[in-house]
Amino acid sequence: MIDVHVHETGTRDGLQSVPFFVPTDVKKRWCSAEARAGVAEIEVCSFVPVKLLPQFADAAEVVEHALTLEGLTVAALAPNLKGTERAIELGVHKVNFVLSVSESHNRANVRRSTAESVSEFARIVELARSLPEGRRPKIAAGLSTALGCTIEGDVPEARVREIAMQLVAAGADELIVCDTVGYANPTVVRRLFRAIRSDVGAIPIKAHFHDTRGLGLANVLAALDADIRAFDASLGGLGGCPYAPGASGNICTEDLVFMLESMGLKTGVDLEKLIALRAEIQEALKGEPFHGTIAKAGLPKGFLKAA
Ligand code: ZN
């Protein structure tokens, strides 16, 4: 039994901010090695127009490869119906739709109001539900900027809860609540996740934290207090913010697994395999800053993973 689910998003959120094209072969090896290390779900790419994000020009090939990996849930990000159609055609297991809770961030990203994105989400659910059962992916709804926005600053909790409810009403199979720009702290995390949990009932909720200001793992602890049991993370903490050059990225997968396993929470992830993979990917992404501490410091003497 797994106590806490750790999902890799470095192949999407991490690579999104890497300024050069990473060879397809590296992306495939990354997915294979993560699956071998026991990571059960990977967000392998983003289905956005290639001219906006040339990094994902090879999305189809990477998805096709990931789908051959046994036991792996293959997820892909899509900000709209068109991207979702491409993802579904390829047979992904899960589509992570994303909108920004803050209006100006959503407009800057997808040139739509948040309400228009909620309507788009309803059309996506409709499309998924029209498919035969074996070909129907799960549709997750990501709430970007749920804990703060670089344009608007504070994002009111009431608005986040309202949009979460709208997405659930539209048919979300899962919510992903994101601190996209690393503004959160443990107090607001505990409060917001508890509130959303009580609003939406049994729907799975995943937390997506960035460590931009060093509070990523502290926020994970706070989310654990609110009974959140699934987290996105990025190998080597890749995924820096384009508006904050040099800033750290997503919470680091290796450090997250280390913390959880040390606390006696089973993740099913082999930390040594992950640390070996980190070295390999770091080599392939020469020059990109890698974050996190456990790979640099090494495991403590006598370290035992959760029994
Ligand atoms: Zn992110």
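Report follows, based on the coordinates. Model, not experiment: these values are computed from the prediction.

The helix and strand tally for the protein stands at twelve helices and eight strands. Relative to the globule expectation of 19 Å for 307 residues, the C-alpha radius of gyration of the protein, 18 Å, shows essentially globular dimensions. With the C-alpha coordinates aligned to their principal axes, the bounding extent of the protein is approximately 50 × 40 × 40 Å. Residue pairs in contact within the protein that sit at least 24 positions apart in sequence constitute 72% of those at least 6 positions apart. Averaging the coordinates of the 33 positive side-chain charges in the protein and doing the same for the 38 negative ones gives two points 1 Å apart.

Our focus in this paragraph is the packing of helix α2 (residues 24-36) against helix α11 (residues 271-284). Running from N to C, α2 and α11 cross one another at 170°; their axes reach a closest spacing of 10 Å. Viewed along their axes, α2 and α11 adopt a mutual orientation that is roughly antiparallel. Across from V26, R29, W30, A33, E34 and R36 in α2, the residues of α11 making contact are K273, L274, L277, E280, I281 and A284. When its residues are assigned to classes, the contact of α2 with α11 shows seven nonpolar, no polar and five charged.

This part is about the side chain of N80. Here N80 lies in the loop between β3 (73-78) and α4 (81-90). Residue N80 is classed as buried on the basis of its relative accessible area of 18%. Here the side chain of N80 touches K82 through a polar contact of 3.3 Å, landing on its backbone nitrogen. Setting aside anything within four residues of it in sequence, one finds N80 in contact with F97, R112, E120 and I124.

Moving on, we come to the pairing of strand β8 (residues 230-233). Judged by which residues are buried, β8 turns out to be covered on both faces: A230 and D232 on one side and F231 and A233 on the other are all buried. Sheet topology note: the strand β1 (residues 5-8)/β8 ladder contains four bridges and is parallel. When the bridges of β8 are listed, H7 appears paired with D232. When strand β7 (residues 205-209) meets β8, the two strands line up parallel, connected through two bridges. Counted as the bridge partner of H208 is D232 from β8. Handedness of the crossover is the feature at issue here: the chain leaves β7, passes through helix α9 (residues 216-225), returns alongside β8, and the resulting connection is right-handed.

Counting across every chain of the model gives four aromatic pairs. Look at F193 and F209: their rings are 5.9 Å apart centre to centre, the planes differ by 65°, and that puts the pair in the edge-to-face class. Of this pair, F193 sits in helix α8 (residues 186-200) while F209 is found in strand β7, placing the two residues 16 residues apart along the sequence. In this pair, the class of F193 matches that of F209, namely buried. Ring geometry for F209 versus F231: centroids 6.5 Å apart, planes at 35°, classification tilted. You can see F209 sitting in strand β7 and its partner F231 sitting in strand β8, a full 22 residues away along the chain. Here F209 falls in the buried class, since its relative accessible area comes to 1%. Clustering of aromatic rings is evident, with ring pairs tying together F193, F209 and F231.

Here we take up a positive patch on the surface. Positive charge collects at one region of the surface, where K51, K82, R86 and R111 lie side by side. With respect to the element layout, R111 can be found in the loop between α5 (103-110) and α6 (114-129).

So, about α8. Here α8 contains 15 residues, and its C-alpha end-to-end distance of 21 Å stays within 8% of the 21 Å for a straight helix at 1.5 Å per residue. Looking only at α8, the buried set comprises V189, L192, F193, A195, I196 and V200. The buried side chains of α8 occupy one side of the element, clustering within an arc of 160° when seen end-on. Away from its buried face by more than 90 degrees, α8 exposes T187 and S198. Buried residues along α8 sit against α7 (157-169), β6 (174-179), β7 and α9. In this structure N185 caps α8, since a side-chain oxygen of it lies 2.9 Å from the backbone nitrogen of T187. Looking one or two residues beyond α8, the residue adopting positive phi is G201, at roughly 70°.

As a further point, take the environment of G142. Along the polypeptide, G142 turns up in strand β5 (residues 138-144). Separated by 76 residues in the primary sequence, G142 and A218 have C-alpha atoms spaced 21 Å apart. In contact with G142, not counting residues within four places along its chain, are F97, V98, L99 and I176.

Right, let's get into α9. Among the residues making up α9, those that are buried are G216, N219, V220, A222, A223 and L224. Where α9 is buried, its residues contact β6, α8, β7, β8 and α10 (253-262). Where α9 terminates, the next one or two residues include D227, which has phi positive at roughly 70°.

Rules behind the numbers
- Residues numbered from 1 in each chain as written.
- Predicted model: local features only at pLDDT ≥ 70, side-chain atom pairs only at ≥ 80, totals over all residues.
- Heavy atoms only, no water.
- Helix = DSSP H or I, 4+ residues; strand = E, 2+ residues; numbered from the N terminus.
- Rg over C-alpha atoms; globule rule 2.2 N^0.38 Å.
- Contact = heavy atoms within 4.5 Å.
- Lys, Arg positive; Asp, Glu negative; His and termini not counted.
- Charge placed at Lys NZ, Arg CZ, Asp CG, Glu CD.
- Axes fitted to C-alpha atoms, helices over the stretch in contact; angles between N-to-C directions.
- Parallel < 35°, antiparallel > 145°, perpendicular 65-115°, else oblique.
- Nonpolar A, V, L, I, M, F, W, Y, C, P; charged D, E, K, R; others polar.
- Buried < 20%, exposed > 50% of the residue type's maximum accessible area, 1.4 Å probe, protein only.
- Polar contact = N/O pair within 3.5 Å; in protein donor to acceptor, adjacent residues only side chain to side chain.
- Pairing = 2+ DSSP bridges.
- Right-handed = clockwise from strand over helix to strand, strands pointing away.
- Phe/Tyr/Trp six-rings, centres within 6.5 Å; stacked < 30°, edge-to-face > 60°.
- Patch = residues over 30% accessible without salt bridge, like charges linked within 9 Å, V, L, I, M, F, W, Y side chains within 5 Å.
- Areas by Shrake-Rupley, 256 points an atom, 1.4 Å probe, with all protein chains shown as cover.
- Salt bridge = Lys/Arg side-chain N within 4 Å of Asp/Glu carboxyl O.
- Expected span 1.5 Å × (residues − 1).
- Arc of directions from axis to C-beta.

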